[in-house]
Amino acid sequence: MMKHKKYMQRCLELAKNGLGTTYPNPMVGSVIVFENQIIGEGWHQKAGEPHAEVNAINSVKDKSLLSKSTIYVSLEPCSHFGKTPPCSDLIIHHKIPNVVVGTVDPNEKVAGKGIEKLRQSGATVTVGILEKKCLELNRRFFTFHNQKRPFIILKWAESADGFLSPQSKNEQKPVWITNSYSRQLVHKWRTEEQAILVGTTTVLADNPKLNSRDWLGNNPLRIVLDRSGKISNDYEVKNGKQQTIFITEKENFVSDENFNHETIIFDNQLAEKICNLLFQKSIQSVIIEGGLQTLQTFIDANLWDEARIFKGSLLLQQGTKAPTLFGETVKRTTILNDELLILKRYD
């Protein structure tokens, strides 16, 4: 069992390399072991490209060893034809006798079918090694398939005395509460998630770009709440430089070649409606970057999974108060003079 955990841990380390690039697929890592030696390894790098098991098998120089080896994979091998052939078929083709799986795939197209196919072929399949870690790694994927909504990350920065922004911003837009290193970390996070969502007030007050300019990686899909069409073409969210969806109540909202719009009613079910819309669009994760009204909408609906809260050293004394949130603190760290809290929603 200990050796199983050792090799599954390596699968997880490999899988993490795919964070932000595999959507809508999960992150998966795989290693192949012969006589207690790793002879092959791989991870899923991008949707439409070979899966982790394929890359691991391809990396083995002496293919004759596969029929005497064990393949470890952090998520159940697929059993269906998608953009690539089934990985379970490839494992069977190479007569790999032992398969160790971190956890079952929640996707209804797989959901135990890959494991069953492998067992029917005569392979010995062990399931549930480091399962909690495997579930945590793909929490976005599991939330999407099990709860039929994206994984929701709340993010904001508040002053030392608990304000999101000052009462008056004068000529400075935006007013930075955090330091440049914290802001760079936020841009890194943006490359890791599929979408970022803000409300009208944030756009009008700060004119944000909502891109990942301070970190190498993908820009997220921008989702902007614009109930009555207040945001003009002068704002950065309409610059056409990345995919953008406006959610509005205005039926004659004018779309553009650079952005689309979706019409929904802004009522007390707004958070649920947004989640349903994003699920339909196969968006597995979204960062809610505020401001207060938008954040509070998701908090009140208890539709959030993780909160990332920066506390700066700046004192504002008055202004817009930060949201009140109750959750389990799972991490507390400092970035120079900033404090970062990571909270998880209570189950």
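Look a little higher up for the structure.
Throughout, a residue's number is its position along its own chain's written sequence, starting from 1. Under the rules for a predicted model, residues below a pLDDT of 70 receive no local features and side-chain atom pairs below 80 are neither given nor counted, while totals for whole chains, interfaces and linings still include all residues. Side-chain metrics in this entry use all non-hydrogen atoms of the structure; hydrogen atoms and water are not considered.

## Quick notes on the nonpolar core
If you look at the biggest cluster of nonpolar residues, it comprises 33 residues, and the most contacted ones within it are Ile152, Leu154, Ile274, Phe298 and Leu325. Helix and strand labels come from DSSP, where a helix needs a run of H or I of at least four residues and a strand needs a run of E of at least two; each type is numbered from the N terminus. It is helix α9 (residues 270-280) that contributes the most residues to this core, six residues altogether. Residue contacts follow a heavy-atom distance rule, with two residues in contact if any of their heavy atoms lie within 4.5 Å. Apart from residues lying up to four places away in sequence, Leu154 is in contact with Ile288, Leu295, Phe298, Ile299, Trp304, Glu306, Ala307, Arg308 and Leu325. As used in this record, nonpolar core signifies buried Ala, Val, Leu, Ile, Met, Phe, Trp, Tyr and Cys residues forming a set joined through side-chain atoms within 4.5 Å. For the exposure calls, accessible area comes from a 1.4 Å probe over protein chains only, and a residue counts as buried if that area is under 20% of its type's maximum, exposed if over 50%, partly exposed in between.

## Observations regarding the pattern of salt bridges
The rule for a salt bridge is simple: a side-chain nitrogen of Lys or Arg has to be within 4 Å of a carboxyl oxygen of Asp or Glu. Following the criterion strictly, the structure yields 17 salt bridges and no others. A salt bridge links Glu289 to Arg190, with the nearest nitrogen and oxygen atoms 3.2 Å apart. You can see Glu289 sitting in the loop between β12 (285-288) and α10 (292-300) and its partner Arg190 sitting in helix α7 (residues 180-192), a full 99 residues away along the chain. Residue classification places Arg190 among the buried positions, given a relative accessible area of 8%. Here the salt bridges share partners, and the residues they tie into one network are Glu136, Arg139, Glu306 and Arg308.

## Comments concerning the side chain of Thr103
Tracing the sequence through the fold places Thr103 in the loop between β4 (98-101) and α4 (113-120). The exposure class of Thr103 is buried, given its relative accessible area of 3%. The residues contacting Thr103, other than those within four sequence positions of it, are Ser74, Leu75, Glu76, Glu131, Cys134, Leu135 and Phe142.

Take it as geometry only, folks, not as evidence of what the structure does.
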